[in-house]
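Okay, here's what each chain looks like letter by letter:
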Amino acid sequence: MASYPIIDYKPKLKGESDQPLEKQLVDLARLNAEGYMRVIHHHGEKGYHIKLVLNPEEAISLFVWNTKVFEGKNTLARSYGVIPIEEIEVDPEEGDRLIAEGRYRLRNGILELVVEKTYDESIARPCRCRYRLRLKGVKEYISPKHGHSMRPEYFLIALSSQHMQG
């Protein structure tokens, strides 16, 4: 397991969590990484998880509430931190849908998303979008599914975008 830059945050709530603090509070604005990316819609959720693969064992799950991130528009994203690599898989029996695949690059607070292959063009078309990440804050709550949760939220400030031919 690699070690990652952590947001300096003191929890206000108490409770058990299914994920260690240092995996929840990874500071994406200071993380340098690149690789494979998948966009997944989980059944019952009103948004999309952008799964950024870090290494053969781990990925970051970045949640967006709308399709603006694939249109090169400013939006908000919530990090669900470092997750096991198995969680980038799609389980159709659970109602999961694979929306898109591609690659990403995260350097010096700039996130570049490249959608190379899309499975639902009404959500994401092939594109290259670049964003500056700015930490909005940490959302802390007790989740019925994950327990005590501390989720960094970021403003994704659009720098550039281009749609590519599919």
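Our subject in this report is the structure included herewith. (Residues numbered from 1 in each chain as written. Predicted model: local features only at pLDDT ≥ 70, side-chain atom pairs only at ≥ 80, totals over all residues. Heavy atoms only, no water.)

1. Thoughts on the pairing of strand 8 (residues 147–163)
Spelled out, the test is: Should DSSP find at least two bridges between two strands, the strands are regarded as paired. By definition, any uninterrupted DSSP run of H or I lasting at least four residues is a helix, any uninterrupted run of E lasting at least two residues is a strand, and each is numbered from the N terminus.
Bridging between strand 4 (residues 75–84) and strand 8 involves four bridges; their strand directions are antiparallel. When the sheet's bridge partners are listed, Arg-78 is paired in strand 8 with Glu-153. In the sheet, strand 7 (residues 127–143) pairs with strand 8 via 16 bridges, with the strands oriented antiparallel. Its bridge partner lying in strand 8, Val-138 is registered against Pro-152. The loop that links strand 7 with its antiparallel partner strand 8 comprises three residues.

2. A word on the side chain of Arg-151
Spelled out, the test is: Here the term buried applies to any residue with accessible area under 20% of the maximum for its type, exposed to any over 50%, and partly exposed to those in between, with areas from a 1.4 Å probe on protein chains only. In this tally Asp and Glu are treated as negative and Lys and Arg as positive; neither His nor the chain ends contributes. The working definition used for a salt bridge is a side-chain nitrogen of Lys or Arg within 4 Å of a carboxyl oxygen of Asp or Glu. In protein, a polar contact requires one atom able to donate a hydrogen and another able to accept it; more generally it is a pair of N or O atoms within 3.5 Å, and residues adjacent in sequence count only if both atoms are side-chain atoms. Contacts are assigned to residue pairs that have any heavy atoms within 4.5 Å of one another.
By the element assignment, Arg-151 lies in strand 8. Although buried, Arg-151 forms no salt bridge, and the nearest oppositely charged side chain, Asp-18, lies 5.0 Å from it. One polar contact links Arg-151 to Gln-19, side chain to side chain, over a distance of 2.6 Å. Not counting the four nearest positions on each side in its chain, Arg-151 is found in contact with Gln-19, Gln-24, Arg-78, Ser-79, Tyr-80, Gly-137, Val-138, Lys-139, Tyr-141 and His-146.

3. Brief notes about the packing of aromatic side chains
Condition: Each aromatic pair joins two rings of Phe, Tyr and Trp (for Trp, the six-membered one) with centres within 6.5 Å, and gets the label stacked for planes under 30 degrees apart, edge-to-face for over 60, and tilted for any other angle.
Counting across every chain of the model gives two aromatic pairs. Both rings, one in Phe-63 and one in Trp-65, keep their centres 5.2 Å apart while their planes meet at 90°; by these two values the pair is edge-to-face. The class of Trp-65 is partly exposed, set by a relative accessible area of 35%. On the basis of an interplanar angle of 80° and a centroid distance of 6.3 Å, the ring pair of Phe-63 and Tyr-80 is categorised as edge-to-face. With Phe-63 in strand 3 (residues 58–64) and Tyr-80 in strand 4, this residue pair connects regions lying 17 residues apart in the sequence. For Tyr-80, a relative accessible area of 18% corresponds to the buried category. Taken together through their ring pairs, the aromatic side chains of Phe-63, Trp-65 and Tyr-80 make up a single cluster.

4. Some points on the pairing of strand 5 (residues 97–107)
Sheet topology places strand 1 (residues 33–41) next to strand 5; nine bridges connect them, and they run antiparallel. Looking across to strand 5, one finds that Ile-40 is bridged to Leu-98. With eight bridges connecting them, strand 5 and strand 6 (residues 110–118) associate as antiparallel partners. Residue pairing for strand 6: Leu-106 is matched across the bridge by Leu-111. Taking the residues between adjacent antiparallel strands as the criterion, strand 5 and strand 6 are bridged by two residues, where Asn-108 takes a positive phi near 50°.

5. Quick notes on the nonpolar core
The cut-off we apply is this: What is meant by a nonpolar core is a set of buried Ala, Val, Leu, Ile, Met, Phe, Trp, Tyr and Cys residues, joined one to another through side-chain atoms within 4.5 Å.
Formed by 38 residues in total, the largest nonpolar core has its most connected members in Leu-28, Ile-50, Tyr-104 and Leu-111. When residues of this core are traced back to their parent elements, those giving at least two are strand 1, strand 2 (48–53), strand 3, strand 4, strand 5, strand 6, strand 7 and strand 8. It is strand 7 that provides the largest number of residues to this core, a total of five residues. Residues in contact with Leu-28, not counting those within four places in the same chain, are Ile-60, Leu-62, Ser-79, Leu-106, Leu-133 and Tyr-154. The next biggest cluster of nonpolar side chains, apart from the first, holds five residues, and it includes Val-53, Ile-83, Ile-85 and Ile-88.

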